[in-house]
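# A look at the structure
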Protein chains: 2
Amino acid sequence: MGEPRAGASAPLAILCGGGAFPLEVAGEARSAGREPFLVGVVGATDAAIEAYPHVWVRMGEVGKLFAALKGRAIAEMVIIGAMTRPEFTDLRLDWGAVKRAVGLAQLFRRGDNGLLAGLAAIFEREGVRIVGAHEIAPRLLAPVGPVGTRAPSAEDEADIALGARLIEALSRFDAGQGAVVAAGRVVAVEAAEGTDAMLARVAEMRLSGRLRFAGLAGVLVKAPKRGQDLRLDMPAIGPKTIEGAAKAKLKGAAVVAGQVLILERARCAREADAAGLFVTGFAGASAAGG
Amino acid sequence: MGEPRAGASAPLAILCGGGAFPLEVAGEARSAGREPFLVGVVGATDAAIEAYPHVWVRMGEVGKLFAALKGRAIAEMVIIGAMTRPEFTDLRLDWGAVKRAVGLAQLFRRGDNGLLAGLAAIFEREGVRIVGAHEIAPRLLAPVGPVGTRAPSAEDEADIALGARLIEALSRFDAGQGAVVAAGRVVAVEAAEGTDAMLARVAEMRLSGRLRFAGLAGVLVKAPKRGQDLRLDMPAIGPKTIEGAAKAKLKGAAVVAGQVLILERARCAREADAAGLFVTGFAGASAAGG
């Protein structure tokens, strides 16, 4: 077993949820000279991670995970990708988990943010620092200004500003990373359903005539909640978001530059262009912590 | 044509949208000694209004409506019941509407609140004052405390208070008369989709496992937006709301006492009792204008 190291060339683990995003982060880490070690979760992670050095663990195999990290002297880990929150009783606890079981069970009584923060603390007690995907792969962060060829109009900018103020106002309720605003009107606010479901709702309201706007109308606005730990839960958009925005006949999507990740940016730009949408990063009023 | 009169025994018109609620208001008006004259909108209003003196108008038959009101010396009107916002071009304008068409067309460029306020102003210029259903039928307003046999627990009260603060914070965005809060967590925020669709979303999230709560959990909270003109757009709950709350497996529904209408209260109480829900009125922090 080596001595854990951290730093620009130190080994890095990536605990991979679902989707293509963990592989994007792995590619960025490799480009930056940090050979990544990928941890796949059985039933959640795409098998494509096997292109990198990797290990598969089941939910609850905490001992196996720590042994793998310590065996490779890994002192930093990114947690990234979609993950369905398991029930504590669904976990297959190995000996490493059983030793920590009292603390784990308590965590599972918390909300999502509390659970994530608690898991991060457990890793850090074991000498594994949790770092944000944006620290490893800053090129994945939304830039200031358009991604793709279209840009928001002055009216769109007003809708974006309204959406950003709304999300800011919702922050202290630990609710809402997203909203849809059209012509000065807040038409949808995201809570537990997530961005995709909110966009599907807007599409449905337009189809049913409950929302009557001619042609493309409205902007999806996404921003982190104030005080949200960006290492653990960073807002992200990707091709699925663009598809949802197109189905909702929005004019575009706007995210806080430097605080929201864009998955598969080139594909997002291409598909937004094809659908006649803009995708843009706007300057946030303040940093969201982290 | 008589001289328009107002006052406790003066004739009263009720412009009826869909649903049973206009008939409840008519019944209350009659009990209070104010014989109501009901205006039905073709395609929207229930034919049961024909139990009262009435007239049918099509959307846009403004001249016919004013002639009916003036012929009966009616100086006060309640607007109540569900109404789908028409497009200006869908209206069948009669001569009375054409004379006012420039003003009408401008109104239809406004948001819902602006449209309603503008229509009210047109009526008032013609000598017909718009009054709130709650002024005519105060018994339909939510009381302070439970309707039905169940009451909220201390934990539910905390969720209610959180939901009320959230709606208050959303007021300045002209969004949200409702939210669902469960165990301190905001799980849904209502915007253009309306309360029924929000409750259906919560039911769906519970079925899919996206929201994991054991048994009944969460409270629907409804309150008027600050500054909302209660004469024109008063929040309401009714049997359909109770049904939606039951399907979402909520613990109950809480509305601001004196500022939210309860349709068919006895039936709401009975159905809430049967589903194991509470329905309660809570004291609002402040009056919501009107």
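The coordinates are above.
Since this is a predicted model, take the numbers as computed values, not measurements. (Residues numbered from 1 in each chain as written. Chains lettered and ligands numbered in written order. Predicted model: local features only at pLDDT ≥ 70, side-chain atom pairs only at ≥ 80, totals over all residues. Heavy atoms only, no water.)

Before going further, it helps to spend a moment on empty space enclosed by the protein. By rolling a water-sized probe across the atoms, one finds the places where empty space is left. All names here are of chain A. Going through the model one piece at a time under the given rule, you end up with one cavity of 30 Å³ or more. In this structure, the largest cavity encloses a volume near 30 Å³. Considering the residues around the largest cavity, the lining is formed by Val-180, Ala-182, Val-187, Val-202, Arg-206, Leu-211, Phe-213, Ala-217, Ala-248 and Leu-250. In terms of residue class, the lining of the largest cavity is built from nine nonpolar, no polar and one charged. (1 Å grid on protein atoms, 1.4 Å probe; cavity = no way out; pocket = protein on both sides within 12 Å on 5 of 7 lines; lining within 4 Å. Points joined across faces, edges and corners; volume = space filled by probe spheres on them. Nonpolar A, V, L, I, M, F, W, Y, C, P; charged D, E, K, R; others polar.)

Moving on, we come to the interface of chain A and chain B. By a widely used convention, the size of an interface equals the accessible area lost when the partners come together. Taken together, the 26 residues of chain A in the interface contact 26 residues of chain B. Taking both partners together, chain A and chain B bury about 2,200 Å²; carbon and sulfur atoms supply 61% of that area. When residues of chain A are sorted by the area they lose upon contact with chain B, Phe-173, Ala-192 and Arg-212 of chain A head the list and together hold 27% of the total. Its salt-bridge partner being Glu-193 of chain B, residue Arg-201 of chain A comes within 3.7 Å of it at the nearest N-O pair. Counting across the interface, chain A meets chain B through six residue pairs in polar contact (both at pLDDT 80 or more). Sorting the residues of the side of chain A that touches chain B by element identifies helix H7 (154-171), strand S8 (185-189) and helix H8 (194-208) of chain A as the ones contributing at least two each. Looking at the side of chain A that touches chain B, its residues break down into 14 nonpolar, one polar and 11 charged. (Contact = heavy atoms within 4.5 Å. Buried area = accessible area lost by both parts, 1.4 Å probe. Salt bridge = Lys/Arg side-chain N within 4 Å of Asp/Glu carboxyl O. Polar contact = N/O pair within 3.5 Å; in protein donor to acceptor, adjacent residues only side chain to side chain. Helix = DSSP H or I, 4+ residues; strand = E, 2+ residues; numbered from the N terminus.)

What follows is about the relation of the copies chain A and chain B. Turning one copy of the chain about an axis and sliding it along that axis gives the other copy, so a rotation and a shift relate them. For the pair chain A and chain B, the relating rotation is 180 degrees, the translation along its axis is 0.1 Å, and the fit reaches an RMSD of 0.1 Å. Expressed as an axis order, the relation between the two copies is that of a two-fold axis. Most of the interface of chain A is mirrored in chain B, where 100% of its interface residues again form contacts. (Least-squares fit on C-alpha atoms with pLDDT ≥ 70 in both.)

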